[in-house]
Each structure stands twice: as structure tokens, then as C-alpha cells.
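Okay, here's what each chain looks like letter by letter:
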There are 2 protein chains.
Amino acid sequence: MALGSLDRSDDRAPYRQIADQLRTAIDRGDLAAGDKLPSEAELMRHYDVARMTARQAIQELRAEGRVVAEQGRGVFVRLPAPVRRLASDRFARRHRDAGQAAFLAEAEKAGVTPGVDEIHVGRGPAPDLVRERLKLDEAADVVIRSRRYLAEGQPVETAVSYIPVDLAEGTPIAEQDTGPGGIYARLEESGHMLDRFTEEITARMPTADERRRLKLGPGTPVLTVLRTAYDTDGRAVEVCDTVKAAPAYVLEYDFPAR
Amino acid sequence: MALGSLDRSDDRAPYRQIADQLRTAIDRGDLAAGDKLPSEAELMRHYDVARMTARQAIQELRAEGRVVAEQGRGVFVRLPAPVRRLASDRFARRHRDAGQAAFLAEAEKAGVTPGVDEIHVGRGPAPDLVRERLKLDEAADVVIRSRRYLAEGQPVETAVSYIPVDLAEGTPIAEQDTGPGGIYARLEESGHMLDRFTEEITARMPTADERRRLKLGPGTPVLTVLRTAYDTDGRAVEVCDTVKAAPAYVLEYDFPAR
DNA sequence: TAGTGGTCTAGACCACTGT
DNA sequence: CAGTGGTCTAGACCACTAC
């Protein structure tokens, strides 16, 4: 691990120069995934700077999500997250017919042990974003199902589903356990055959709460997917708001050139 | 703007408590978009802490992308970026027939003044990711077109297209100006009618280079879209690698339940 | 010129990790 | 125990902004 030296005549701040050199070392592969970076003390000696300067350089890389600090151990080049590809056919009826909800089917395909926890089922008013998409009036309540998905025990996604009460009440959708095939299978059983979905994708930094629930390190963005399900009558029957740890996902879509 | 006080018995670090209080003030609307946060000096007086502690609190919010610091002026609650929705029909043939490339058609629809700059056209080997998708052997060159898109003068997206040389050479695709309707119109003119696209979406923190080209503040993630275009023979005729400033986009996809 | 954030120094004590 | 990062203090000089 050969570090360069500071150029005091360079107008770039020393901490940026140090960050650049570390970044380059990572990009070149001098520092591979999982490797330990020089400690703060080593950087102080090597570059002859104060501790805060060395720390600031490392802080840059942390904010970029390239390295992770572990107290008492050191700072390490971040390991590439196990990536799960989500194809847009993941809600295909054949999976429901096989008795599997989308997340479980997808995880199994990827050879990952799936899990679900923090399941909460309730009833209440829908957020504005949801109300617009479900075309409900302000007064109408919805059944709200929230849960957290795990892959290999690690949280990777939170999801909140909103279903109009007239579609959910009296069915397992309003229960803790929705049964085989999940919400979509129950909707189809009650005569609402699904026709199509729309998904709206954004990316942003997580809120403090999301950081906690998804156990995200600093410098880790989230992908949000807001999915609306329509039945064959063209009625919006569910809105699902998901927040995914971005490094864990690739979303795939296929569409015609028309 | 009423700030609380520190709880020294709280095991959360003072800088976290201060960050929490500021975050809450923003969420509650006490600090609206564009408002100035208390200065470092004010935070030092109010909470009776050292400057670095006040700075660290603000640093938290910056990394979350919630506030932006402007030297000499102060720290401000970030303004919501003007969002552009990208529907998956943005490559519909009707737009090409109308003589417009996708970005321009989309921008006009959104009432935004579009721009393109930093156009570079060249020829060289394809990156691995691209070669796999174009099904080329290692030796085969591609035509490489890179450019940067602007909305209202602000850079919002960079794009690099890769086209197999046998499809591009001798056509305007290998020239600086591809002509009306862009690359896709030229491909169709030469007999490669487009059939479908696949898009692979990820989100991550930008590289230093991307931060510069897209003028991104800290705490701003990017959305990447890797699009592959197929002609009616099922041949991959183009791969386009785009990097978008995440706050500026919502991607929309529509797909059947099958 | 006063106020702001940007950067740096030189210390200090703490909690956690591994030996 | 020594080594690591986490946090804090109390200063300093600088560049930029607004008045």
C-alpha cells in the first residue's frame, strides 16, 4: 500500500488530496474489497497532518459509501452487496398460482433465504399520494399492511400496502397472515383479476428511521418503488410503497418500442 | 425557530441530538425549503458546545441531502428539485417520427428548456457490461457516443451510447449530429426496426467525476439506467448507459400482470 | 466590515476490538 | 493491554457574501 504525498502548493485542500489518493488506491485495486485502510494514526504520520484532517479524508469516502468504519477495528473497503435482480415479471400469475408471494418467489430464484418481520396490519386514512392513485375521496379509509423483508437475515426492504376497505375487509388481506400467494392471490379470488401494474421509481438518501429499519450505513441511498395494481375493470386495487436498500437491488423492466 | 436543549444524560451524542432537533424542525415545517438554519455561532451559543460539535450536527443533515451549505451565506434547507417524470413510452416511434429525440420530447412535454453539451463521438472497445448485452466478441469495436443533458441550463443526466460498428459506420450515428429523431431514427432508417427495450435500474452515490459533471451537492445519489434496444430480429442494436441526478427524476413503468 | 462557512491544529477522554 | 475509531474542546486563519 504505497501512498503518495501532499502537494502543499496544490490549491485543493489536504484532506481532499488524501481522500483522492485513497479513492484512487481503491479504484486501482491496491485496496480490495474488505481490505483495511491505513489507520488515522498512520495517515497522520504519513502526511504529517492533524487527526481531524485525516478523519475528514476518511469521512469523504464514508459519505460516498466506499468504505465502512468499525469502531475498534479500522476502516474497510466496503464489500459489494449481494445484488438481487427484480424483473418486472415478478408478479406474474404463475408465481401466485404456485402459492408464493413475489418477494419469496424472487428470493428463492436468487438462492437467498428470505424472511419477513415487523408485520403490522391496521386501518386508517390513506396518505395523499396513495389516495390519488386509488381514486378515493378524502374520507375513505384503507387497510394498511406494513412489513419488512429480509435476505439472509439482513433487512433489505420495507413495504406498506394500501387496499381500499371494501376489497380487504372480511378477507385474509385484513389479517396478519394473508395466506398462500399473498394479497394479489386473495384479490383475484374475490373476483378482481389483476390486469397491469405501474411502478414509479425514485432514489434518495434515507430518513433516520429508514436508516435504522434497513440497517443502512452512511452513504447508502435507497430506491423507492411506488406500485399501483389495476384490475381488469381498470380500477386501482392496491398501492404498495416500498423502500429498498439501493446497493442490494437491480430493477429490470422490459417494454415495447411501439 | 425555537430550538430545544441538550440532554446531557441522554446517551446519544450531543451532535446527534442537535441534528435530530434541526431535522424535526424541518419535518414539522418550522424550517421551510429555502430557509436559513441557525448559524454555527448561534448553535454554539444556544447549546453551549464547541464549533466542531455544531458543525458535525450540520454535517449529518448535509450527508442526508436535506440542507445545503453556501460559503459566506449560511446553511439552507434544500429546495425540492424540479422533478421530471420519465414514462416508459418515451421512446415511442411517434416521437421519432415527429423528429425528436427522447430527451428533447420529454423535456418539452414537461415544459422544461432542454440542452445537450459535451458531445463526444468515438470508436473503441466496449466495456464488459456492454459487450455482454450486445453479444459481441472481445475484439469487436463499437461506436461510442457520450453527451450530457441539461434542463433549464442545469446538468441532470449523462449518457453514453454503444452501437456495433457495422450498424453505425457510414451513418450519421458516427457523426457529431445524428439528425432528427436521434440514433433510433437512424437505426430504423437503415432497416433495423426497433422492437423492445430493457432497462436495468440501480441507485448509488456518485463518483467524484459524476459529482462534477452533474454539479451534485453532497448527499445526492444518482440513478443509473442501462438500456438495451432490440430490433425485430431480436438483435441488441444499442446499449445506453445513463447516470441521472436522482432528485430530478421519477421513472415510470407500466407492465401487465400476465 | 461583520458574519458566514471551510479548513486546520493540538490536544483530550471515551468505547470498542483483539491479543 | 495496545490500537482503533467516536466524540469533544478551544483555539486559529482563510475565502466568500452581504451590507
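Check the entry above for the structure.
A quick note: this is a predicted structure, and the numbers were derived from the prediction, not measured.

(A) View of the environment of Glu252(B). Here Glu252(B) lies in strand β10 (residues 249-256). Considered as a pair, Glu252(B) and Ala41(B) are 211 residues apart in the sequence and their alpha carbons are 45 Å apart. If we ignore the near neighbours within four places in the chain, the residues touching Glu252(B) are Glu199(A), Glu200(A), Arg85(B), Leu86(B), Ala87(B) and Ser88(B). Polar contacts involving the side chain of Glu252(B) include one to the side chain of Arg85(B), which spans 2.4 Å.

(B) Highlighting the sheet that holds strand β4 (residues 114-125) of chain A. The strand order across the open sheet built from eight strands is β4(A)-β5(A)-β6(A)-β9(A)-β8(A)-β7(A)-β10(B)-β3(B), with neighbouring strands paired in mixed fashion. Both edges of this open sheet fall to β4 of chain A together with β3 (84-87) of chain B, since each of them pairs with a single strand only. In this sheet, neighbouring strand axes are inclined to one another by 20° on average, regardless of whether the strands run parallel or antiparallel.

(C) Summary view of the packing of aromatic side chains. Overall, the coordinates contain 13 aromatic pairs over all chains when judged by the stated rule. Here Phe255(A) and Phe197(B) contribute two aromatic rings whose centre-to-centre distance is 5.6 Å and whose plane-to-plane angle is 35°, an arrangement assigned as tilted. In this pair, Phe255(A) is assigned in strand β10 (residues 249-256) and Phe197(B) in strand β7 (residues 194-204), connecting two distinct chains. Here Phe255(A) and Phe197(B) have matching classes, each one buried. Between Phe91(B) and Tyr184(B), the ring centres sit 5.8 Å apart and the planes meet at 80°, which makes this aromatic pair edge-to-face. Of this pair, Phe91(B) sits in the loop between β3 and α4 (93-97) while Tyr184(B) is found in helix α8 (residues 182-189), placing the two residues 93 residues apart along the sequence. Of the residues examined, Phe91(B) reaches a relative accessible area of 7% and is grouped as buried. Joined through ring pairs, the aromatic side chains of Phe91(A), Tyr184(A), Phe197(A), Tyr253(A), Phe255(A), Phe91(B), Tyr184(B), Phe197(B), Tyr253(B) and Phe255(B) make up one cluster. Sitting over the ring of Tyr249(A), Lys244(A) keeps its end group 5.1 Å from the ring centre. The ring of Tyr230(B) has Arg196(B) sitting right over it, with the charged end atom 4.2 Å from the ring centre.

(D) Main features of the packing of helix α2 (residues 40-47) of chain A against helix α3 (residues 51-63) of chain A. Residue and element names in this part refer to chain A. Interhelical geometry of α2 versus α3 gives an angle of 115° and a closest axis separation of 9 Å. One element, α2, and the other, α3, form an angle in the roughly perpendicular class. For the element pair α2 and α3, the recorded crossing hand is right-handed. On α3, the residues touching Glu40, Leu43 and Met44 of α2 are Arg51, Ala54, Arg55 and Ile58. Of the residues belonging to the contact of α2 with α3, the class tally is four nonpolar, no polar and three charged.

(E) Examining the relation of the copies chain A and chain B more closely. Of the transformation placing chain A onto chain B, the axial shift is 0.0 Å and the rotation is 180°, giving an RMSD of 0.0 Å. Both chain copies can therefore be described as sitting about a two-fold axis. Both copies present the same face, since 100% of the interface residues in chain A are matched by interface residues at the equivalent positions in chain B.

(F) Main features of the protein's contact with DNA strand D. Taken together, 26 residues form the shell around DNA strand D, and within it Arg51(A), Gln71(A), Pro14(B), Ala50(B) and Thr53(B) come nearest. The sugar-phosphate backbone supplies 70% of the atoms of DNA strand D found within 4 Å of the protein. Between DNA strand D and Arg51(A), the relevant distance is 2.8 Å, taken from a base nitrogen to a side-chain nitrogen or oxygen of the residue. The set of elements that each furnish at least two residues to the surface near DNA strand D consists of α3, β1 (67-70) and β2 (74-77) of chain A together with α1 (14-28) and α3 (51-63) of chain B. In terms of residue class, the surface near DNA strand D is built from nine nonpolar, eight polar and nine charged.

(G) Structural view of the side chain of Glu210(A). All names here are of chain A. Relative to the helices and strands, Glu210 resides in helix α9 (residues 208-213). For Glu210, a relative accessible area of 14% corresponds to the buried category. For Glu210, the side chain forms a polar contact with the main-chain nitrogen of Thr207, separated by 2.9 Å. Setting aside chain neighbours within four positions, we find Glu210 in contact with Arg204, Lys215, Leu216, Val222 and Val243.

(H) Local environment of the interface of chain A and chain B. Of the residues lining the interface, 41 residues belong to chain A; the matching set on chain B comes to 41 residues. Both faces combined, the contact of chain A with chain B buries some 3500 Å², and carbon together with sulfur accounts for 56% of it. For the pair chain A and chain B, the interface holds six salt bridges. Arg211(A) is paired through a salt bridge with Glu64(B); the nearest N and O atoms lie 3.2 Å apart. Summed over the shared surface of chain A and chain B, the number is 14 residue pairs in polar contact (both at pLDDT 80 or more). Of all elements in the fold, only α3, β7 (194-204), α9 and β10 of chain A reach the threshold of two or more residues within the side of chain A that touches chain B. Looking at the side of chain A that touches chain B element by element, the count peaks at eleven residues for β7(A). Here the side of chain A that touches chain B is built from residues that sort into 20 nonpolar, five polar and 16 charged. Pairing geometry for β7(A) and β10(B), over six bridges, is antiparallel.

(I) Quick look at the protein's contact with DNA strand C. For DNA strand C, the set of nearby residues contains 26 residues, the closest of which are Pro14(A), Ala50(A), Thr53(A), Arg51(B) and Gln71(B). For DNA strand C, the backbone portion of the atoms within 4 Å of the protein, that is sugar and phosphate, comes to 70%. A distance of 3.0 Å separates a phosphate oxygen of DNA strand C from a polar backbone atom of Glu40(B). Taking Gln71(B), its side chain carries an N or O atom lying 3.0 Å from a sugar or linking oxygen of DNA strand C. When residues of the surface near DNA strand C are traced back to their parent elements, those giving at least two are α1 (14-28) and α3 of chain A together with α3, β1 (67-70) and β2 (74-77) of chain B. Each residue belonging to the surface near DNA strand C can be placed in one class, and the counts come to nine nonpolar, eight polar and nine charged.

Conventions we followed
- Residues numbered from 1 in each chain as written.
- Chains lettered and ligands numbered in written order.
- Predicted model: local features only at pLDDT ≥ 70, side-chain atom pairs only at ≥ 80, totals over all residues.
- Heavy atoms only, no water.
- Helix = DSSP H or I, 4+ residues; strand = E, 2+ residues; numbered from the N terminus.
- Contact = heavy atoms within 4.5 Å.
- Polar contact = N/O pair within 3.5 Å; in protein donor to acceptor, adjacent residues only side chain to side chain.
- Pairing = 2+ DSSP bridges.
- Axes fitted to C-alpha atoms, helices over the stretch in contact; angles between N-to-C directions.
- Phe/Tyr/Trp six-rings, centres within 6.5 Å; stacked < 30°, edge-to-face > 60°.
- Buried < 20%, exposed > 50% of the residue type's maximum accessible area, 1.4 Å probe, protein only.
- Lys NZ or Arg CZ within 6 Å of the ring centre and 35° of its normal.
- Parallel < 35°, antiparallel > 145°, perpendicular 65-115°, else oblique.
- Left-handed = near helix turned anticlockwise from the far one by under 90°.
- Nonpolar A, V, L, I, M, F, W, Y, C, P; charged D, E, K, R; others polar.
- Least-squares fit on C-alpha atoms with pLDDT ≥ 70 in both.
- Near = heavy atom within 4 Å.
- Buried area = accessible area lost by both parts, 1.4 Å probe.
- Salt bridge = Lys/Arg side-chain N within 4 Å of Asp/Glu carboxyl O.

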